[in-house]
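Chain residues, written in single-letter form:
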Amino acid sequence: MKKSKSDLRSARWFAPDDLRSFGHRSRMMQLGYDEEDFGGRPIIGILSTWSELNTCHAHFPERVQDVKRGVLQAGGFAVELPALSLDESFLKPTSMLYRNMLAMEVEEMIRAHPIDGVVLMGGCDKTTPGLILGAVSAGVPLIFLPAGPMLRGNHAGQALGSGSDAWKYWDERRAGNLSDENWKGLQAGIARSAGTCMTMGTASTMTAIAEAMGLTMPGASSIPAVDSGHQRMSSACGRRIVDMVWEELTPDKIITEAACRNAATVAMALGCSTNAVIHLIAIARRAGASLNLDHLDALGRETPVLANIRPVGEKYLMEDFYYAGGLPALMNQLAEKLDNSCLTVSGKPLGDNFVGAQVHKPDVIRSLANPVYSQGSLAVLRGNLCPDGAVIKPAACDPKFHQHEGPALVFDSYPEMKAAVEDENLQVTPDTVLVLRNAGPLGGPGMPEWGMLPIPRALIKQGCRDMLRISDARMSGTSYGACVLHVAPESFVGGPLALLRTGDIVRLDLAARKLNMLVSEEELLHRQDQWEPPSHRFERGYGYMFSRHVTQAEKGCDFDFLETGFGRNVGEPDIF
């Protein structure tokens, strides 16, 4: 049954014939609007994470106008509400420290204003989960509008991929194989337009997850940021969100357990970023759905990688993926592994959104019979180093490290590690296991993307390009290599990683999903007795709140008091 005008949430602000509503209406008129412009119409909040320091979202001011056009066409009234812009490149120590701040801002901003539905404009890594987390808790109808990937990079006639080629050529520069001129050319050519990283990094992973979960218009996550199709998609978001308000299509009807598993399955088939684990679990827990590391590992074992996109794939980038058919084509290949009945923001089941979608370039989007990698992108490890779990990306590392044993070389801080790996006299071999600790949610703080530890310069010059590396940090989705990440519990809170010492033998057995240090229980108990907890990083402000309420990696690094199970949801605000 269609909602009536009097049932609109915004009507509480504008409809009653009283002094307070008089004030609200007069202030709208102060902005230049007549009552006919907003009265009895769904008021749509456009939450834009634009800023002049967010390169991924440089095109958002224009896209806001495209969304407004669509809202107006459908009979709604649109208002732009700026939200915290989490730029991955410039925000330090890491944007992950502020994901929950964005989520809190979004939830409270929606609840406190006369908003009937929202279009969430994000894309740069943590903006997607931050926006979705907040809007899910607020509970009004939502559509996510992905920023879209930038154009492929180019230098000297060679295609370049965001992040992935930065790491690759930095190693070549450290080895003395790259001139200053070429380095500057790469710097100028690797990012050529507005939009997110065009590899299958965290940005493209999370926008695809949003689409597979049912939160975007069909095909939205694959469209390049500067393609004219992106403008048309933005207007379509504006039109559709107005209808969703009338239909009362709220996120609790879309983000179900089955929808979360669909999103995880698609992520695995994409060769996704390891960061997907943390954000997916956080979103599921906010929505009251069951999704944990064991579920993700099981899906990874049975879902092959179909997207031949770097860094898991060999040469293709997101622009190629779009031309090959984009996410609808990949989901059509994957249809037998999805719950196609899940409802989406289009008002249709997921399967209807990709039915008939064709693959135009079969080497870019593979079939189940011809995958890029036989299992999914990620695997979950457990053992006496990570009793609560750790994550590795097997398809993006040298297979020889799938079974490995070697001595640990342990660093307690990033500066210590960085100084050591640049020392050409460092005592290290390709079998050494590099370990960085105190880089988790509390230790980092914020779990920075330090997990792709640099190969020591001495080994780089010998031609070594991969080693087993372990940390309680994250790594960029554009990264690659034999990197074990998200070790939980983190060392900062006394997890077993805090007890590891240089020279201890570490054993990884990927097939068995095991990661252990070969140290006796008696010795570990002795080390535990000697361990002293470090002091908190923050004594005031947001960081103080963060350090006392953030959960560990296996629970999604949300704030404990924001999770659905913590307490009853806040009701509508009083208006007096």
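Note that the coordinates shown come from a computational prediction; the quantities given were computed from them, not determined experimentally.

When helices and strands are tallied, the protein chain shows 20 helices and 14 strands. In terms of overall size, the protein chain behaves like a compact globule, its C-alpha atoms giving a radius of gyration of 24 Å where 576 residues would be expected to give roughly 25 Å. Once local pairs closer than 6 in sequence are excluded, the contacts in the protein chain between residues at least 24 apart make up 76%. Carbon and sulfur atoms make up 50% of the accessible area of the protein chain, which totals about 22,300 Å². Between the centroid of the 56 positive side chains of the protein chain and the centroid of its 67 negative side chains there is a distance of 3 Å.

Before going further, it helps to examine the sheet that holds strand E13 (residues 505-509). Strand order in the open sheet formed by six strands is E12-E11-E10-E9-E13-E14, with mixed pairing between adjacent strands. Looking at strand neighbours, the two that pair on one side only are strand E12 (483-484) and strand E14 (514-517), the edges of this open sheet. By the bridge criterion, five bridges tie strand E9 (residues 403-411) to E13 in an arrangement that is antiparallel. By the bridge assignment, glutamate 405 is partnered in E13 with arginine 507.

Okay, the packing of aromatic side chains next. The tally for this structure, following the rule as stated, stands at 11 aromatic pairs. For the ring pair tyrosine 33 and phenylalanine 77, a centre distance of 4.8 Å and an interplane angle of 90° mean the geometry is edge-to-face. Of this pair, tyrosine 33 sits in the loop between helix H2 (19-30) and helix H3 (35-38) while phenylalanine 77 sits in strand E2 (residues 77-82), placing them 44 residues apart in sequence. Judged by its relative accessible area of 7%, phenylalanine 77 is buried. For the pair tyrosine 542 and phenylalanine 559, a centre-to-centre distance of 6.1 Å together with 55° between the ring planes defines the contact as tilted. Pair noted here: tyrosine 542 is in helix H20 (residues 541-549) and phenylalanine 559 is in the segment after H20, with a separation of 17 residues, a long-range link.

Another point: the packing of helix H4 (residues 60-73) against helix H10 (residues 228-247). It is the contact of H4 with H10, at a shortest axis distance of 7 Å, that shows an interaxial angle of 40°. Between H4 and H10, the interaxial angle falls into the category oblique. Note on packing geometry: the crossing formed by H4 with H10 is right-handed. The segment H4 lies against H10, with Arg63, Asp66, Val67, Arg69, Gly70, Val71 and Gln73 engaging His230, Gln231, Ser234, Ser235, Gly238, Arg239, Ile241 and Val242. Class assignment for the residues of the contact of H4 with H10 results in four nonpolar, seven polar and four charged.

For the rest of this paragraph, the subject is the pattern of salt bridges. The full count for this structure, using the stated rule, is 33 salt bridges. For arginine 310, the salt bridge is made with aspartate 165, and the minimal N-O distance between the two is 2.9 Å. Of the two residues, arginine 310 sits in the loop between helix H13 (293-302) and helix H14 (318-323) while aspartate 165 sits in helix H7 (residues 164-174), which places them 145 residues apart along the sequence. Considered together, arginine 310 and aspartate 165 belong to a single accessibility category, that of buried residues. Here aspartate 412 and arginine 437 are joined by a salt bridge, their closest N and O atoms 2.5 Å apart. Taken together, the residues aspartate 412 in the loop between E9 and helix H17 (414-421) and arginine 437 in the loop between strand E10 (433-436) and helix H18 (457-460) connect sequence positions 25 residues apart. Its relative accessible area of 38% is what places aspartate 412 among the partly exposed residues. Given a relative accessible area of 11%, arginine 437 falls into the buried group. Connected through salt bridges with shared partners, the residues Glu88, Asp125, Lys126, Glu449 and Arg474 form a single ionic network.

Membership of the largest hydrophobic core comes to 110 residues, with the highest contact counts inside it found for Leu47, Leu120, Met213, Val266, Leu270, Phe321 and Leu330. No other element matches the nine residues that helix H11 (residues 257-270) contributes to this core. Not counting residues within four places of it along the chain, the set of residues in contact with leucine 270 comprises Met200, Ala208, Val305, Ala307, Phe321, Leu327 and Leu330. With 27 residues, the next largest nonpolar core counts Phe401, Ala408, Val410 and Val435 among its residues.

Here we come to the sheet that holds E2. Judged by pairing direction, the sheet is parallel, and its four strands sit side by side in the order E2-E1-E3-E4 without closing on themselves. In the strand order of this sheet, the two ends are held by E2 and strand E4 (142-146), each with one partner. In this sheet, neighbouring strand axes are inclined to one another by 20° on average, regardless of whether the strands run parallel or antiparallel. One ladder, built from six bridges, connects strand E1 (residues 43-48) with E2; its direction is parallel. Within E2, the residue paired with leucine 47 across the bridge is leucine 81.

Our next topic: the environment of leucine 442. With respect to the helices and strands, leucine 442 occurs in the loop between E10 and H18. Expressed as a C-alpha distance, the spacing of leucine 442 and leucine 8, which sit 434 residues apart in the sequence, is 42 Å. Apart from the residues within four sequence positions on either side, leucine 442 is in contact with Glu490, Phe492, Val493, Arg537, Ser547 and Val550.

A few words on a negative patch on the surface. Taken together, the side chains of Asp34, Glu35, Glu36 and Asp37 define an acidic patch exposed on the protein surface. You can see glutamate 35 is positioned in helix H3. Glutamate 35 gets classed as partly exposed once you look at its relative accessible area, which sits at 41%.

What H17 keeps buried is the set Met417, Ala420 and Val421. Down the axis of H17, the sector holding all buried residues measures 90°, keeping them to one side. Across from the buried face of H17, at angles greater than 90 degrees, the exposed residues are Pro415 and Ala419. Lining the buried residues of H17 we find H7, E9, E10 and H18.

One way to put it is that helix H6 (residues 127-138) packs onto helix H9 (residues 202-212) with a least axis distance of 9 Å and a crossing angle of 35°. Within the contact between the two elements, H6 uses Thr128, Pro129 and Ile132 and H9 uses Met206, Thr207 and Ala210. Split by residue class, the contact of H6 with H9 holds four nonpolar, two polar and no charged.

Moving on: the pairing of strand E3 (residues 117-122). Counting buried positions over the six residues of E3 gives six, a clear majority of the element. Residues of E3 alternate between two faces, with Gly117, Val119 and Met121 on one and Val118, Leu120 and Gly122 on the opposite face, all of them buried. When E3 meets E4, the two strands line up parallel, connected through five bridges. What sits directly across from methionine 121, in E4, is leucine 145. With H6 bridging E3 and its parallel neighbour E4, the resulting β-α-β unit is right-handed.

About the criteria used
Residues numbered from 1 in each chain as written. Predicted model: local features only at pLDDT ≥ 70, side-chain atom pairs only at ≥ 80, totals over all residues. Heavy atoms only, no water. Helix = DSSP H or I, 4+ residues; strand = E, 2+ residues; numbered from the N terminus. Rg over C-alpha atoms; globule rule 2.2 N^0.38 Å. Contact = heavy atoms within 4.5 Å. Areas by Shrake-Rupley, 256 points an atom, 1.4 Å probe, with all protein chains shown as cover. Lys, Arg positive; Asp, Glu negative; His and termini not counted. Charge placed at Lys NZ, Arg CZ, Asp CG, Glu CD. Pairing = 2+ DSSP bridges. Phe/Tyr/Trp six-rings, centres within 6.5 Å; stacked < 30°, edge-to-face > 60°. Buried < 20%, exposed > 50% of the residue type's maximum accessible area, 1.4 Å probe, protein only. Axes fitted to C-alpha atoms, helices over the stretch in contact; angles between N-to-C directions. Parallel < 35°, antiparallel > 145°, perpendicular 65-115°, else oblique. Left-handed = near helix turned anticlockwise from the far one by under 90°. Nonpolar A, V, L, I, M, F, W, Y, C, P; charged D, E, K, R; others polar. Salt bridge = Lys/Arg side-chain N within 4 Å of Asp/Glu carboxyl O. Core = buried A, V, L, I, M, F, W, Y, C linked by side-chain atoms within 4.5 Å. Patch = residues over 30% accessible without salt bridge, like charges linked within 9 Å, V, L, I, M, F, W, Y side chains within 5 Å. Arc of directions from axis to C-beta. Right-handed = clockwise from strand over helix to strand, strands pointing away.

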